[in-house]
Structures are given as C-alpha cells and as structure tokens.
Amino acid sequence: MRVGLLAFFVLTFVLSWAVWGSRLAYEQGLAGWQLGEPFVYFAVSGSAVATTWMLGRGRALRAFARRLLLWRVPARWYAAALLLPALPALAAVGVYLTFGGQHDVSALVPLGGALPLLLSQLALHLLTEEAGWRGFALPRLRVLLGPVTASLVLGLVWAAWHIPMFFVSG
C-alpha cells in the first residue's frame, strides 16, 4: 500500500510539475513551447489510473471506477455541497456592498455564465483531481493513518502540489 501511495504521489508531482515547469520555462524565454494547463489535472487522475493498473491490473481498475461512481449519501447532501460554499461568498459581497464598496459583481463572472462555469469546473475537478486525491490517495492514507491524520497529510501534500502555481503568471 505504501509503495502504491508513493508511486502515485511521485508520478502526480512529476507529471504536473513538468506542465507547470514548461510554462515557467516558456515565460522566462527558456523554451519555445509549453504543455497545456489541462494536462496538470489529468496528471492527477492519470497517475491514479496508472498506479491502480500497476498494483492490480483490470480488476483493480474496475474496483476503482466503481468507488468513483458510488453514491454514499442522499442527493440532498450533494446539493448542499454544491450550494453551501456559495453562501459565504455571497455574504462577503453583500457586506462589502452594504458598507459602501462599489464593484460590478457581474464583471467577475456574468450571471449568465455562472452555471456553465460551475458545471465545467465540477466536471474538470471531479473527473481529474478528485479522482486521484480523494479516490486513490485518501482511502489508502486512511488505512495507514486514520481519517483525521490522513486528511491533514493529504491536505499538506495537495498544498505542496500547488507550489509551482505561485511562480507562473496569471
């Protein structure tokens, strides 16, 4: 189990950081090309699939896919998970505007584009990042470390994974 986790983390970091590294090299004029940003997200799920295949071939991949499609709670909790994070953002905008802040809120994301943006981001992250971090790594870390420690460790690894983003423009 530890070997699989290590293989997943190393492969994820190498592939993802290669994408961000190519962008950094391009921005610094060290390369005339760069890998596309979506490859970063598919590096996470691709690493999960590759490591799962390495550990157990087709049988393991089928079990992995079944776990990703498993509905563990009623649909109302999925709706809550989608809608509740918007409440603090809306409250913050409301407080800002109430106390005299002026900003065209729709300039950030036009209201007509909010739902398509939400759906595209859900699809992008659920099918890519979440499949690797929460679908592959978290269950294995939980067995080794328990739920709380596993979540904290994965949060630290996930944060470290984002370090190159602090150096790329935009």
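Whatever comes next refers back to the structure up there.
By convention here, each chain's residues receive numbers from 1 onward along its written sequence. Reporting of local features is limited, given that this is a predicted model, to residues whose pLDDT is at least 70; pairs of side-chain atoms are given and counted only at 80 or more, and all residues count toward the totals for whole chains, interfaces and linings. Calculation of side-chain values draws on the structure's entire complement of heavy atoms; hydrogens and water are dropped beforehand.

Participant: Can you help me understand a nonpolar patch on the surface in this one?
Facilitator: A cluster of nonpolar residues, Met1, Val143, Leu144 and Leu145, forms a patch on the protein surface that exposes about 360 Å² of accessible area. Inspection of the secondary structure puts leucine 144 in helix H6 (residues 129–145). Residue burial is assigned from relative accessible area. The probe radius is 1.4 Å, only protein chains are included, and a residue is buried under 20% of its type maximum, exposed over 50%, and partly exposed in between. On the basis of relative accessibility, which here comes to 34%, the residue leucine 144 falls in the partly exposed class. Distance thresholds for patches are 9 Å for like charges and 5 Å for nonpolar side chains (Val, Leu, Ile, Met, Phe, Trp, Tyr), applied to residues having over 30% relative accessible area and no salt bridge. We get accessible surface area from the Shrake-Rupley algorithm with a probe of 1.4 Å; when it comes to residues, only the shown protein chains can shield them. Counted as salt bridges are all cases of a side-chain nitrogen of Lys or Arg within 4 Å of a carboxyl oxygen of Asp or Glu. The secondary structure listing takes helices from DSSP runs of H or I that are at least 4 residues long and strands from runs of E that are at least 2 residues long, numbered from the N terminus.

Participant: What is the right way to look at the side chain of histidine 162 in this model?
Facilitator: Mapping histidine 162 onto the fold places it in the segment after helix H7 (147–161). What makes histidine 162 buried here is its relative accessible area of 16%.

Participant: Whenever I open this one, the environment of alanine 89 confuses me. Can you help?
Facilitator: The residue alanine 89 is located in helix H4 (residues 86–98) in this model. Between the alpha carbons of alanine 89 and glutamine 34 there is a distance of 34 Å; along the sequence they are 55 residues apart.

Participant: Teacher, can you tell me more about helix H1 (residues 2–27) here?
Facilitator: Here the expected span of a helix is defined as 1.5 Å times the quantity of residues minus one. With 26 residues, H1 ought to run about 38 Å at 1.5 Å a step, and its terminal C-alpha atoms sit 37 Å apart, in line with that. What makes two residues a contact is simply this: any of their non-hydrogen atoms within 4.5 Å. Those residues of H1 that are buried lie in contact with helix H2 (38–69), H6 and H7. Looking at the residues trailing H1, positive phi occurs at glycine 29, about 80°.

Participant: Teacher, can you tell me more about H7 here?
Facilitator: The periodicity of an α-helix, 3.6 residues per turn, causes residues three or four places apart in sequence to face the same way. For H7, built from 15 residues, the straight-helix expectation of 21 Å at 1.5 Å per residue is met to within 8% by its first-to-last C-alpha distance of 21 Å. Taken together, the buried positions of H7 are occupied by Ala150, Leu154, Val157 and Trp161. Around the axis of H7, the buried residues are gathered within 60° of arc, so they sit on the same side. More than 90 degrees from the buried face of H7, the exposed residues found are Val148, Leu152 and Leu156. Packing partners of the buried residues in H7 comprise H1, H2 and H6. The directions considered for the arc run from the helix axis to the C-beta atoms.

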